[in-house]
Amino acid sequence: MTIHRDKLAEANNRLMGLFKADQKTMMAFKGLADTAVKEGKISTAMKETIAVAIAAARGCEDCILYHVNEAKSHGADRDTLVEVLAVAVEMSGGPGTVYAAKALDAYDHL
């Protein structure tokens, strides 16, 4: 396993701990998340790529790992991610640049 896969597994384990502690809230959140990324006029891959950009702009490393993995699993390509990350950088400045670089690194290693 790569470091990125290890970190993703650790994040998922933490989420499972929260799920076990509060299934009602987490099931509601899961329903929201599933609905938000459902294929529509915008593909699931693009929605997950947008989620990566938001995670980069917000500085959430675990979110980056989760959504990069999901974006890749739905066929998102690296060039599209780079373009969307450019918007994240534009909207969030220096901190977004650091997390956008982490997102691209995660894409390359997951």
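Residues numbered from 1 in each chain as written. Predicted model: local features only at pLDDT ≥ 70, side-chain atom pairs only at ≥ 80, totals over all residues. Heavy atoms only, no water.

(A) Main features of the overall build of the chain. Tallying secondary structure elements over the chain gives five helices and zero strands in all. In the chain, the order of α-helices and β-strands from amino to carboxyl end is α-α-α-α-α. Considering only C-alpha atoms, the chain reaches an extent of 35 × 35 × 25 Å along its principal axes. Looking at the chain residue by residue over its 110 residues, the buried ones come to 28%. Considering only intrachain contacts with a sequence separation of at least 6, the fraction spanning at least 24 residues in the chain is 69%. When the accessible surface of the chain is summed, it comes to about 6900 Å², and 61% of that surface belongs to carbon and sulfur atoms. (Helix = DSSP H or I, 4+ residues; strand = E, 2+ residues; numbered from the N terminus. Buried < 20%, exposed > 50% of the residue type's maximum accessible area, 1.4 Å probe, protein only. Contact = heavy atoms within 4.5 Å. Areas by Shrake-Rupley, 256 points an atom, 1.4 Å probe, with all protein chains shown as cover.)

(B) Just the packing of aromatic side chains, in detail. Applying the stated criterion to the full structure yields zero aromatic pairs. Above the plane of the ring of Tyr 107 lies Lys 72, whose end atom (NZ or CZ) is 4.5 Å from the centre. (Phe/Tyr/Trp six-rings, centres within 6.5 Å; stacked < 30°, edge-to-face > 60°. Lys NZ or Arg CZ within 6 Å of the ring centre and 35° of its normal.)

(C) Representation of the nonpolar core in the model. Formed by 17 residues in total, the largest nonpolar core has its most connected members in Val 52, Ile 64, Val 68, Leu 85, Ala 103 and Leu 110. Mapped by element, the contributors of at least two residues to this core are α3 (44-58), α4 (61-73) and α5 (78-109). It is α5 that contributes the most residues to this core, eight residues altogether. Look past the residues within four positions of Leu 110 in its chain and what remains in contact with it is His 4, Arg 5, Leu 8, Leu 65, Val 68, Asn 69 and Lys 72. (Core = buried A, V, L, I, M, F, W, Y, C linked by side-chain atoms within 4.5 Å.)

(D) Up close: the packing of helix α1 (residues 3-21) against α4. As a packed pair, α1 and α4 sit with axes 9 Å apart at the nearest point and diverge in direction by 105°. Classified by the angle between their axes, α1 and α4 sit roughly perpendicular to one another. Residue-level inspection shows His 4, Arg 5, Lys 7, Leu 8, Ala 11, Asn 12 and Arg 14 of α1 in contact with α4, the latter providing Glu 61, Asp 62, Leu 65, Tyr 66 and Asn 69. By residue class, the composition of the contact of α1 with α4 is four nonpolar, three polar and five charged. (Axes fitted to C-alpha atoms, helices over the stretch in contact; angles between N-to-C directions. Parallel < 35°, antiparallel > 145°, perpendicular 65-115°, else oblique. Nonpolar A, V, L, I, M, F, W, Y, C, P; charged D, E, K, R; others polar.)

(E) Looking closely at the packing of α3 against α5. Orientation of α3 relative to α5, taken along the N-to-C sense of each, is 15°, at an axis distance of 8 Å. Considering their axes alone, α3 and α5 lie roughly parallel with respect to each other. Considering the relative orientation of α3 and α5, their crossing is right-handed. Judged by residue contacts, Met 46, Thr 49, Ile 50, Val 52, Ala 53, Ala 56 and Ala 57 of α3 engage Thr 80, Leu 81, Val 84, Leu 85, Ala 88, Ser 92, Pro 95, Gly 96, Tyr 99, Ala 100 and Ala 103 from α5. (Left-handed = near helix turned anticlockwise from the far one by under 90°.)

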